[in-house]
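If you want the building blocks of each chain, they are given just below.
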Amino acid sequence: MSFGSLPYDIAHLLGGAVLLMSFVLLYQRRLEAVIGAFAVQGALLAAAAFWQGFAQGAPHLYVTALLAFGAKALLIPLALRIALRRLGLHRTVETALGVGPSLLAAIALVGLSVLVVLPATAGQAQALTRENLALALSVVLLGMLMMIARRNAISQLIGLLSLENGLILAAIGVQGMPLVVELSTAALVLMLALVAGIFVFLLRDRLATLDTGDLARQRGEGEAP
């Protein structure tokens, strides 16, 4: 392998590792394990941003890497673990889809991402950018899938944050993307996450549970006529 291919290969390795952790998030059944997997994904995202900063000669990506590591790998997982202890939640995550169907759906979404992104960007971007966008779209779609496939509000919140990781992965993979665009994208989704976090605590206070399936029962849906 020549040195010229090294940036390409390492960028692929890190982007693929971020996507792999999306599969791990879907596979895990316990909340502690889900939070741990999200922290690892955040650390890998920070490493991907750092490497893209080196490969592109873009120092502002080092700032993105530092923020991603501090927020996604340290602060947010710590806050979620504190919330778990205060709420007394250490149980298995309830799923709307089983683990097997969720993983099969995830594989199909990755295939869809490749089929959509690569032909649409043919001749318009470098190979690394095109493939990085395909990986990023896959992470976004798997974050959406996690929000749909999990019934626990905290795991749905992690799905939203994982979706944001995909948006950041897309931003750092496009050469010349201004820092303000990356930060504004991150800030927007973090604000949504803040609103979702407030909803989690309200749900816990009102219903004494974080199973969003109970909302349907509270509305009278799913009851026998």
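Residues numbered from 1 in each chain as written. Predicted model: local features only at pLDDT ≥ 70, side-chain atom pairs only at ≥ 80, totals over all residues. Heavy atoms only, no water.

Participant: Would you mind going over the nonpolar core with me for this structure?
Facilitator: The nonpolar side chains of a soluble globular protein tend to be buried, and buried together. Counting residues in each nonpolar core, the largest one holds 43 residues, and the members touching the most others are L25, L80, I154, I158, L169 and I172. Elements represented by at least two residues in this core include exactly α1 (6–27), α2 (31–56), α3 (60–87), α4 (99–120), α5 (127–149) and α6 (153–173). (Core = buried A, V, L, I, M, F, W, Y, C linked by side-chain atoms within 4.5 Å. Buried < 20%, exposed > 50% of the residue type's maximum accessible area, 1.4 Å probe, protein only. Helix = DSSP H or I, 4+ residues; strand = E, 2+ residues; numbered from the N terminus.)

Participant: Explain a nonpolar patch on the surface here, please?
Facilitator: Residues F50, F54 and Y62 make up a contiguous nonpolar surface patch of about 310 Å² in total accessible area. Relative to the helices and strands, Y62 resides in helix α3. (Patch = residues over 30% accessible without salt bridge, like charges linked within 9 Å, V, L, I, M, F, W, Y side chains within 5 Å. Areas by Shrake-Rupley, 256 points an atom, 1.4 Å probe, with all protein chains shown as cover. Salt bridge = Lys/Arg side-chain N within 4 Å of Asp/Glu carboxyl O.)

Participant: So what exactly am I meant to see when it comes to the environment of A83 here?
Facilitator: One can find A83 in helix α3. In this structure the C-alpha to C-alpha distance between A83 and I154, which are 71 residues apart in sequence, comes to 9.4 Å.

Participant: Would you explain the packing of aromatic side chains in this entry?
Facilitator: Centre-to-centre distance and the angle between the planes together describe a pair of aromatic rings. A full pass over the atoms with the stated rule returns two aromatic pairs. A ring pair is formed by F50 and Y62, whose centres lie 5.0 Å apart and whose planes are at 40°; its orientation type is tilted. Of this pair, F50 sits in helix α2 while Y62 sits in helix α3, placing them twelve residues apart in sequence. Between W51 and F54, the ring centres sit 5.1 Å apart and the planes meet at 40°, which makes this aromatic pair tilted. (Phe/Tyr/Trp six-rings, centres within 6.5 Å; stacked < 30°, edge-to-face > 60°.)

Participant: It is not clear to me how the pattern of salt bridges should be interpreted in this structure. Could you clarify?
Facilitator: Pairing between side chains becomes possible if they bear opposite charge and their charged atoms approach one another. Counted under the stated rule, the structure contains two salt bridges. Taking the shortest distance from any N to any O, the salt bridge between R81 and E32 comes out at 3.5 Å. Placement of the pair is R81 in helix α3 and E32 in helix α2, with a sequence separation of 49 residues. Here E32 falls in the partly exposed class, since its relative accessible area comes to 31%. Where K72 meets E164, a salt bridge forms, and the shortest distance between an N and an O atom there is 2.8 Å. With a gap of 92 residues between them, K72 in helix α3 and E164 in helix α6 connect regions that are remote in the sequence. Here K72 matches E164 in class, with each residue buried.

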